[in-house]
Amino acid sequence: MRMVVDLTRCQGYAQCVFLAPEVFELHGDEALLYDPTIPDDQLERVRQAAAACPVQAILVGEEASIGAR
Ligand code: SF4
């Protein structure tokens, strides 16, 4: 499963880092690093992170391909 994070929206709230620390990493105040290919065992965590992101910057699966266009 793929995902993208819209880094123009991301405000570095780090909700995603708390919910899926194996996928998201925050460097400094606003530099979010992530692996765009979600391991199967992390999918549920990433979905929770996407739901928790205050600015809906995380797009998963179908949304990711739409967002990447
Ligand atoms: S929860 Fe959203 S705003 Fe916060 S760091 Fe993650 S992607 Fe960015």
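Residues numbered from 1 in each chain as written. Predicted model: local features only at pLDDT ≥ 70, side-chain atom pairs only at ≥ 80, totals over all residues. Heavy atoms only, no water.

Let's talk about the overall build of the chain
Helix and strand content of the chain: 3 helices and 4 strands. Scored against the burial criterion, the 69 residues of the chain give a buried share of 33%. Carbon and sulfur atoms form 50% of the exposed surface of the chain, whose accessible area is close to 4,500 Å². In the chain, which carries 5 positive and 11 negative side-chain charges, the distance between the mean positions of the two groups comes to 7 Å. (Helix = DSSP H or I, 4+ residues; strand = E, 2+ residues; numbered from the N terminus. Buried < 20%, exposed > 50% of the residue type's maximum accessible area, 1.4 Å probe, protein only. Areas by Shrake-Rupley, 256 points an atom, 1.4 Å probe, with all protein chains shown as cover. Lys, Arg positive; Asp, Glu negative; His and termini not counted. Charge placed at Lys NZ, Arg CZ, Asp CG, Glu CD.)

Focus: helix α2 (residues 43-52)
Residues Leu-43, Val-46, Ala-49 and Ala-50 constitute the buried set of α2. Within α2, the buried residues cover an arc of 120 degrees as seen down the axis, which keeps them to one side. Of the exposed residues in α2, those oriented more than 90 degrees away from the buried face are Glu-44 and Ala-51. (Arc of directions from axis to C-beta.)

Some remarks on the site of the ligand
Around the ligand, a shell composed of Val-5, Cys-10, Gln-11, Gly-12, Tyr-13, Ala-14, Gln-15, Cys-16, Leu-32, Cys-53, Val-55 and Ile-58 is seen. Here the shell around the ligand is composed, by residue class, of 9 nonpolar, 3 polar and no charged. (Near = heavy atom within 4 Å. Nonpolar A, V, L, I, M, F, W, Y, C, P; charged D, E, K, R; others polar.)

Some thoughts on unusual backbone geometry
The phi dihedral of Ala-14 falls on the positive side, at around 70 degrees, and the residue is not glycine. Tracing the backbone shows Ala-14 in the loop between β1 (3-5) and α1 (15-19). For Ala-14, a relative accessible area of 15% gives the class buried. Positioned with a positive phi, Gln-56 is a non-glycine residue whose angle comes to about 50 degrees. The residue Gln-56 is located in the loop between α2 and β4 (58-60) in this model.

Some details on the packing of aromatic side chains
The description of two aromatic rings rests on the distance between their centres and on the angle between their planes. Taken as a whole, this structure holds 1 aromatic pair when the rule is applied. Seen from their ring centres, Phe-24 and Tyr-34 are 6.4 Å apart, and the 35 degrees between their planes marks the pair as tilted. Here Phe-24, found in strand β2 (residues 24-27), pairs with Tyr-34, found in strand β3 (residues 31-34); they are 10 residues apart in sequence, far enough to count as distant. Exposure remark for Phe-24: the relative accessible area of 1% places this residue in the buried category. (Phe/Tyr/Trp six-rings, centres within 6.5 Å; stacked < 30°, edge-to-face > 60°.)

Thoughts on the environment of Cys-10
By the element assignment, Cys-10 lies in the loop between β1 and α1. Taking C-alpha positions, Cys-10 is 11 Å from Ala-50, a pair spaced 40 residues apart along the chain. Once residues lying within four places of it in the same chain are set aside, the contact partners of Cys-10 are Val-5, Leu-32, Val-55 and Ala-57. (Contact = heavy atoms within 4.5 Å.)

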